[in-house]
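Listed here are the chains, written in short residue letters.
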Amino acid sequence: MNPGEGSGMAQILNNDQFLMATVPETNLAIVPVRYKPLWQDVTPVLTVPDDDLLVTHINQTADLLRTQGPKVHAGETQTSEEWLSTHSLEYMKLTIAHLLTQGRLITTKSHFKRKHLEFSATAINEFESQLYEAIELYHRRTGWLMQGSRKIFGLVKGTKVGVLVDASNANCSLGKLYDFQQCLLGLIDEQLCYKKQLYFSSFGTEESSLWSTPRDVNVRTLHEVRMWIQALEPSGGCNLLHALKKILLVRDLNSLVVILGGSPDQSTHVLFDYIEQCMLGRKALSVHTVAFDCSSSVTEHVVKKLAEVMGGRFHCNVSLSQMCKMERRSPEMLSDKDGDPNYYSCDIHHLQRELQRSEEVLRTIKEMRQGLLGDTLISIMQEISDEVAKLPPAHFLPKPPMHDRPLSIEMPNFLPKTSADWLKTNGLKAKKLSLYQILAPNAFSPIEDFVPILRKTVSSTLHEKAMMQFEWHDGTVKNVHVDPPLLYNYQKQLTKAVKMYEKRIDWLTTGSRQIWGTVGEKRVLILIDTSLTNAMYIIHIQHSLRLLLEQQMTNKECFNIMAFGTGIKALSNEMVTPTPDNLQDAWKWVLDLECEGSRNLMSALKYVMEVDALEDALECQGIYLFTSGVPDQEEAVLCSYVAELCAGRDLRIHICLFSINTLDMIPARFATPRETAVVYRDLANSSKGRFHWFNETGIIDSDDINFIMSEIEKAVNFSQKCALLVDSLKQRSGLKQLEGGSDTLNSQDSQNSRGDKQAVARLPGPKPTALTLARMQAKEESAEETNSPFKALTWRPNSSKATTASASSMKNFGSSEKDNKQKKSPKVSQCVFYTEEGNRVGCVFKKYPKAKSVRKSIPFAALPKEEDVCSTKQWLQRFSLKRLRLDLHRLVSGPDCTHQKKLVPAVNKKVAAKYCTIFPSIEVNGVVKHLQFQPQELEAYIEQLERVIRRYAQRMQWLLSGSRRLFGTVLEKKVCILLDTSGSMDIYLPEVKKELTSLIWEQLQKNCTSFNLLSFSDKVHMWKHTLQEATNEACHDAVQWVSEVKAHGSTCTLEALQAAYQLADVQAFYLLTDGKPDTSCQLVLKEVEQMTQRKQITIHTTSFNCSDSTANNFLKRLASQTGGRYHRCTGDVDGHLVAHRILTEGLTNEDDPILPSFEGDDLQRLADEIGKARRFLTQARAFRELLLEKQLKSDSQNSTSVSSQVSEKSNSLSSRRICGCVNLSDRISPLACN
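Small disclaimer: the values here were computed from a predicted structure and weren't measured.

### Considerations on the overall build of the protein chain
- When its secondary structure is counted, the protein chain shows 39 helices and 36 strands.
- When burial is assessed residue by residue, the protein chain has 42% of its 1234 residues classed as buried.
- For the protein chain, the share of sequence-separated contacts (at least 6 apart) that also reach a separation of at least 24 residues comes to 76%.
- For the protein chain, the accessible area works out to roughly 68,300 Å², and carbon and sulfur atoms hold 51% of it.

As C-alpha cells, this is what we get:
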C-alpha cells in the first residue's frame, strides 16, 4: 500500500465530531479498548510527494500549474457515465457538428456543384483550445480512477453498501490471501468508511455473513470489519449462486459489490437466469462486480455478464505482475488489454471512448487547417465531406417561411367526419334521392301465373304508352310508369347534390386534410416514420405535423405523437390533452426529430398496442401512420398481427402514405410506389381503417375522396337512366303511331292481292278485354249463391283445332275439391270475361293450387355483424349451412331429381325419362341426380357461400384473439377459474399469468356478474371464500393475487374441484392444467359424477401445453360428463394466417390454405363447418362448369337443326311455286306448326 492510502481512515479517527455522532457518551466507557489500532500510524493528510518542479523561472509557472491541476471534487461520488453527462464533448458543444455550425455555407457556381464553408481563424483556435482543455480533464479523471483502491476495485457507489467477498480456495490460496486482505483493508479506509451502512458476507462452499443485518458505520463497525477480513481463510469451492440468494434477501441495501476471484461452481446459464428473475420488480440496486487478480477468461465473462444482467458496472483487475507492466503505460492505454477496450473497467472505457472522439475532432481540425488561406477555408468540402454528411439533413434543407415560429392554432367550428360517416346523412340514399326510391311508388313486378283452362302460363301485360320495363337494383325487371315531369325535377335535385359533393371534395383537398385526410376520432395517436430514407424529407414531415397540430388537434380529447425508425421515441408516456401549451410543446418536440435507422413498423405497433400506450383510449382510438415506404416485416405478418389486435376493439389504423420520387439510399426492403400502396392498403383494411396516398404534387388515392366520387358517379348514372327512360318512352309512342298507319295500309293491300306477299304473316292474337266492375261483382255473387259450376259459360278459342273445355272437367274439379276437405287447400276463384265472338264468355282461375316445385331457390344468408358470446355449437345452431339453407346436397336432392328408369310394356324394357338427356347427371351421396339449376342460380349460391365462409373466418379470428386463445370463451355469469400451479407449470407460469390477467379484464369484468379464482398444486389456495362481484376494485385485487402465485408441488385436481363445489351460486368451473391429476383419473370422474348429482355445475377444461394423450382424454371426458367444453390451444398462429388469407385473398382452391388441426370443441366444430362449406363451394363451381358446357353443346345442336329445317322449307316452297300449287293453306301451315 502507498503511504497516503490510509489518510481517509486517519481523518475519521481524528474527527471528534464523528465520534460524538456515532458513539453516544453513555456507552464510551463500556467499549473496551484492548490495543491501539495499527492503521492509525499513517502519513499526514496534507503530505504531497515532491514533483521535482521548483519555480526558478517565470516560464516554469505554467508547467507547475498544469502538473498540479484542479482537484476533482464534484465527481468523486459519480461514475464516469454520470460524470460525462456534464463533461462530455456533446454537453460542452465540442463536436465537429458544433464546429461546422460556426461556419458559413457558400454555394459555388461551377460545373461541379460543391459546397464551400468559411471559418474565421479565431473561432477555430478558440474551439481547439477548449478541446485540449477537455482532453486534459479526461486524462486527470483517468489518473484519479487508477489510484489506490479504485485501481483494484473501481469506484463504489451508494450509501448502504453490501460487500460479497469470494473466499474460495482459488481466490484465497497460499501467497494470494495476504495481498487480497491488504487490498480489502485499503478499500475500507478509502471508500467504504464514508458510507452510512455496511454489510459483509463471504462465500466458498457455504455462505458466511459478518452480521445478520446492515450496520451503521462507526469505529466499532470498522474495527469488526478489519478483524473479520484478517480472519478470512480458504473455504472450499465458489458457490456464487447460494451467496447471491442470501444477500439479495437483505433489505435496505442500495448498492452491492461482488468481488470474484475464480470461476463459480454453477453454469452461467443457470446463474444468469436466476438473477434475471430475482431482479424483476426489485427496487433500484446499484451492482458493481469485480474480478480480483484474475487471468481466467471465464471469470471475466461472468463478471461482465453479471453486471449486464443486473444493470450495473464491472471492474476487471489483472494479475499483479501484469499490473506492474501496465503502470508503465500511458493513461490512455490502461484500459486496453489485447485490443479489448472493455477489459479493464466500465468507468475507464467511457473515458477512453470520449478521448478517442476528441482525437478524431483534432485530426479533423488539422485537416481543415491545411486548406486555410488567411481567414478563409478554401475547398473545405473535399476534406470534411464525411463530417458534413454526418450532420442532420435538416441543417442544409430549405425551410418554408415561419417554419420555426410557434403554432398558429385554429379552432374548428364543427366536428369533422369521415366521408363514410358524412354520407350516412348526406348521401343519395339518406336524402331519398336514389332512383329506385323515386320510381318505387310507380314500379310493378311482372306477374306470371299458370291458367289451367288455357293450359299455359300467362303473364301480365304492359301499358305500352306510359310504362317501360326497367331493371331493378336486385337484378329483377319491373314495369315502371314513366312520369317525365317527376324525373325532370329529380334530375334538378341530383344536380344540387353533385354540387354539394364537389364542395366536399374541395374541402378535403385543402389544408392538412390534403396530407392526413379527415381526423375524426376523439383520441388520436400519430405514428411518424423517421427512418433514414426520409432524411431528405424531414422538413416536409415537420411541416405536415405543423398543419395537423394547428388545424385538426384542438377539438380532440387527447393525443400523442410517436416517431419510429429502428427505435421508438414518444412525445409523452401517456395521452395528453390538446391545450395550447401542450400543442406548442409538441411542436418543439417535432422540430428536434431526426431520421435514423430502418423502418421497424412491427416494433412500433407492438409498443403502441402492448406497452400500455393505449390503456386510456380503448373505447375510441385512431392511429394515423405517416410513412413513405414498405416496412421491414412481411405484409402477411403485419396484417395478421393488426387484425388480431384490432379484433374486438374500436381501434382503427389509418395510413397516410407519402410517395418519394427519388431515394438517396437503397432501403432494406425496396418496392415500387404502386406495390407500397398495395401493402399499406391491405394493412389499413385489416383494421377497417382508411388509406390516403399523396405526393408533392397532390393526392393520388384517398378513401375519403373515393367515397364521394362513387356517390357522384352514382348520381350521374341515375340521371342518365332517367334520360334513357324518357327517350325510350318517346321513341315507343312515335313508333306505335307509325305501326298503326302501316297496319291499315297492309290490310288493304292484302285484300287486293294476296298472292303478291313476300312472306307469310302471323295472325293477330286476341286482344285482352276485361269486364266492368259491375259485371264482375254480379258474376261473383251469382257464383256464390248457386254454388254450381258454370256449365254455360264456356270459351272457345279462334283456332278450330283447339279443344273446348267441357263442363265435365269443371265437375270433376269441384268433386275433387269436396273429396279433399280435410286438406287445407286454397279456395278456388274464377274470373269471367267476354270473348270477341258475340256474347260468349270465358273464365280464368284466379287462385289455383300450385304444384310443388322440385327446384329450390337460393336463399339470402342473413349473418350477424357483431360477435355473440356463446359456444360454437350454439352459434352454429343459428348460422350453420343447414340453418341458412345452403346445404348443396339438399338443394339438388329433390324427389323428382333422381335419375330413374321405368319399364315400358310396349317395348318391354326400362327407358329413362325424356328430361334425362336435358339435365346433366351428377352423383350426390352415391345416388345419381339431375342438376335442375341454371348457371345464374349457381353463381348466386357461390356468392352466398363465399360470404358465409368469410364470416366463419372472422369468427375464427375472434376465437383466437385475446384471452379466448388460451381459456376459450367464458359463457356463464357466475364462474370460478381453477389454475394448475404444480411444479411442471413453473416455466410457463409467467405466460399463464399474463393470459389470466387478460381474461379477468376482457371477459370476467365485462361478461360476468361474479367470479372467483383458485390455484392448486399440493394444496388448494383460493382468492376469496365466496364469489366476488366483477367490479374494477375486485379485478385489481384479483390481478394482484395472480401476480403472487408461484408454481411448486404436485397436482391435486380432485381436492381443487371439491373446494370449488363448496362455493355458493356458482354456475361453471374453468379448469386449466397441463397434465393428469395425482390421483386416479377414474376416481376423479366418479367423484365429480356424485357431486354433480347433488349440485349441477358445468366444468369446462383447458389443456395447456400437454402432449399426454391420457391426460387430454381425461379432460375431454370430464368436460363431456358435466356438459362442458374441452379446449386446447394448438395451431393459433396458423389459424390466424389462414383466416387472414381467406379474408384477403378469397377462396380459389379447396386445399389452400389448409386449416390447422384444432382439438378444442369450439374451434374444431367451426373448422369442420368451414371445411364443409369449402367442399360445397368446390362442387358448386364444378356444377356451374358442367351446366355451361351442356348449354354450349345444346346451342350448337339447335343452330344446326334450325338451319337444316330452314333449308328444307325453302326447297319445298320453291318447288311448289314452280308447279303453281301455292295456296292459302301453304301460307297458314307455318303458323300452325308454330
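### Let's talk about the sheet that holds strand 15 (residues 467-471)
- As summarised here, the arrangement of the 3 strands in space is 12-16-15, forming an open sheet in which the pairing is antiparallel. The sheet terminates laterally at strand 12 (443-444) and strand 15, the two strands that pair on one side only.

### A closer look at the sheet that holds strand 18 (residues 558-564)
- Reading across from one edge, 19-18-17-20-21-22-23 is the order of the 7 strands in this open sheet, with mixed pairing throughout. The open sheet has two edge strands, strand 19 (568-570) and strand 23 (699-702), and neither has a second partner. Direction aside, neighbouring strands of the sheet carry axes that sit 15° apart on average.
- Bridging between strand 18 and strand 19 involves 3 bridges; their strand directions are antiparallel. From the neighbouring strand, Met562 faces strand 19, where its bridge partner is Ala570.
- Its contacts with the sheet place helix 21 (residues 580-591) against strand 18 and strand 19, and it is angled at close to 5° to strand 18.

### Quick notes on the packing of aromatic side chains
- The tally for this structure, following the rule as stated, stands at 19 aromatic pairs.
- Consider the rings of Trp516 and Phe626, whose centres lie 5.0 Å apart with planes at 40°: the pair is tilted. With a gap of 110 residues between them, Trp516 in helix 19 (residues 513-516) and Phe626 in strand 20 (residues 621-627) connect regions that are remote in the sequence.
- Accessibility expressed as a relative area gives 1% for Trp516, which makes it buried.
- Plain terms: the ring middles of Phe626 and Phe658 are 6.5 Å apart, the flat faces sit at 20° to each other, and that makes the pair stacked. One end of the pair, Phe626, is in strand 20; the other, Phe658, is in strand 21 (residues 651-658), with 32 residues separating them in the sequence.
- In this structure Phe626 comes out as buried when scored by relative accessible area, which is 4%.
- An aromatic cluster is present here, built from Trp516, Tyr537, Phe626, Phe658 and Phe694 joined pairwise through their rings.

### Structural notes on the environment of Leu192
- Structurally, the position occupied by Leu192 is in the loop between helix 8 (177-190) and strand 4 (197-203).
- We classify Leu192 as buried; its relative accessible area is 1%.
- In the structure, Leu192 is positioned 35 residues away from Lys157 in sequence and 9.5 Å away in space, judged by C-alpha atoms.
- Dropping the residues within four chain positions of it, Leu192 is found in contact with Val156, Val161, Val163, Leu187, Leu198, Phe200 and Val217.

### Digging into the state of the cysteines
- Evaluated as defined, the whole model comprises 0 disulfides.
- There is no disulfide at Cys1035, and the cysteine sulfur nearest it, in Cys1008, is 9.5 Å away.

### Some words on the pattern of salt bridges
- Scanning the model with the defined rule gives 26 salt bridges in all.
- Among the ionic pairs, Asp421 bridges to Lys424, the shortest N-O distance being 3.6 Å. Taken together, the residues span about one helical turn, with Asp421 and Lys424 both in helix 16 (residues 419-426) at a distance of 3 residues.
- Among the residues examined, Lys424 registers a relative accessible area of 62% and is labelled exposed.

### Comments concerning the environment of Arg1117
- Here Arg1117 shows up in helix 36 (residues 1109-1121).
- Separated by 16 residues in sequence, Arg1117 and Thr1101 place their C-alpha atoms 9.5 Å apart.
- Every residue in contact with Arg1117, bar those within four places of it in the chain, is listed here: Gln1082 and Leu1085.

### Things to note about the packing of helix 28 (residues 872-879) against helix 30 (residues 935-959)
- Two numbers describe how helix 28 lies on helix 30: the axes approach to 13 Å, and their chain directions differ by 165°. The orientation of helix 28 relative to helix 30 falls into the category roughly antiparallel. Like other packed secondary-structure pairs, helix 28 and helix 30 cross with a definite hand, here right-handed. Counted together, Thr872, Trp875, Leu876 and Phe879 of helix 28 and Arg951, Tyr952, Arg955 and Leu959 of helix 30 form the full contact between these two elements.
- Of the residues contributing to the contact of helix 28 with helix 30, the split by class is 5 nonpolar, 1 polar and 2 charged.

### Some remarks on the packing of helix 34 (residues 1053-1061) against helix 35 (residues 1081-1094)
- Where helix 34 contacts helix 35, the axes come no closer than 10 Å and their chain directions differ by 10°. The orientation of helix 34 relative to helix 35 falls into the category roughly parallel. Only Leu1083, Val1084, Glu1087, Val1088, Met1091 and Thr1092 of helix 35 make contact with helix 34, whose side of the interface consists of Leu1054, Leu1057, Gln1058 and Tyr1061.
- Residues of the contact of helix 34 with helix 35, tallied by class, amount to 7 nonpolar, 2 polar and 1 charged.

### With respect to helix 37 (residues 1132-1145)
- Along its 14 residues, helix 37 runs 20 Å from first to last C-alpha, staying within 8% of the 20 Å computed at 1.5 Å per residue.
- Here helix 37 has its buried residues at Asp1132, Gly1135, His1136, Val1138, Ala1139, His1140 and Ile1142.
- Where helix 37 is buried, its residues meet helix 23 (635-646), helix 24 (673-686), helix 30 and helix 31 (964-967).
- After helix 37 finishes, the residue Gly1146 shows a positive phi value of roughly 85°.

### Notes on the pairing of strand 15
- Pairing analysis gives 5 bridges linking strand 15 to strand 16 (residues 477-481), with the strands arranged antiparallel. Its bridge partner lying in strand 16, Met467 is registered against His481.

### Quick notes on unusual backbone geometry
- Even without being glycine, Asp252 reaches a positive phi, approximately 65°.
- Mapped onto the elements of the fold, Asp252 is located in the loop between helix 10 (240-247) and strand 7 (255-260).

### A short note on the confidence of the model for the protein chain
- Per-residue confidence for the protein chain averages 75 on the pLDDT scale, and 69% of its residues sit at or above 70.
- Throughout residues 1-72 the model reports pLDDT below 50, and contacts reaching past four residues in sequence, or to other chains, amount to 45 contacts.
- Across residues 372-385 the pLDDT falls below 50, and counting only partners more than four positions away or on other chains, this stretch makes 32 contacts in the model.

### With respect to a positive patch on the surface
- Together, Lys492, Lys496, Lys499 and Lys503 give the surface a local cluster of positive charge.
- Here Lys492 shows up in helix 18 (residues 484-508).

### Looking at the nonpolar core
- Counting 41 residues, the largest nonpolar core has Leu881, Tyr941, Val948, Tyr952 and Met956 as the members making the most contacts within it.
- Secondary structure elements with two or more residues in this core: helix 28, helix 29 (888-891), helix 30, helix 37 and helix 38 (1161-1219).
- With 11 residues, the top contributor of residues to this core is helix 30.
- If we skip the residues at most four places from it in the chain, Val948 touches Ala861, Leu863, Leu881, Leu884 and Leu886.

### Structural notes on the side chain of Ser255
- Structurally, the position occupied by Ser255 is in strand 7.
- Reaching out from Ser255, the side chain makes a polar contact with the backbone oxygen of Lys157 at a distance of 2.7 Å.
- If we ignore the near neighbours within four places in the chain, the residues touching Ser255 are Lys157, Gly158, Lys160, Val161, Gly162, Leu285 and Ser286.

### A look at the side chain of Ser88
- Position of Ser88 relative to the elements: it lies in the loop between helix 4 (80-84) and helix 5 (96-100).
- For Ser88, the contacting residues outside a window of four places in its chain are Tyr138 and Glu354.

How each quantity is defined
Residues numbered from 1 in each chain as written. Predicted model: local features only at pLDDT ≥ 70, side-chain atom pairs only at ≥ 80, totals over all residues. Heavy atoms only, no water. Helix = DSSP H or I, 4+ residues; strand = E, 2+ residues; numbered from the N terminus. Buried < 20%, exposed > 50% of the residue type's maximum accessible area, 1.4 Å probe, protein only. Contact = heavy atoms within 4.5 Å. Areas by Shrake-Rupley, 256 points an atom, 1.4 Å probe, with all protein chains shown as cover. Pairing = 2+ DSSP bridges. Axes fitted to C-alpha atoms, helices over the stretch in contact; angles between N-to-C directions. Phe/Tyr/Trp six-rings, centres within 6.5 Å; stacked < 30°, edge-to-face > 60°. Disulfide = S-S within 2.5 Å. Salt bridge = Lys/Arg side-chain N within 4 Å of Asp/Glu carboxyl O. Parallel < 35°, antiparallel > 145°, perpendicular 65-115°, else oblique. Left-handed = near helix turned anticlockwise from the far one by under 90°. Nonpolar A, V, L, I, M, F, W, Y, C, P; charged D, E, K, R; others polar. Expected span 1.5 Å × (residues − 1). pLDDT = per-residue confidence, 0-100. Patch = residues over 30% accessible without salt bridge, like charges linked within 9 Å, V, L, I, M, F, W, Y side chains within 5 Å. Lys, Arg positive; Asp, Glu negative; His and termini not counted. Charge placed at Lys NZ, Arg CZ, Asp CG, Glu CD. Core = buried A, V, L, I, M, F, W, Y, C linked by side-chain atoms within 4.5 Å. Polar contact = N/O pair within 3.5 Å; in protein donor to acceptor, adjacent residues only side chain to side chain.

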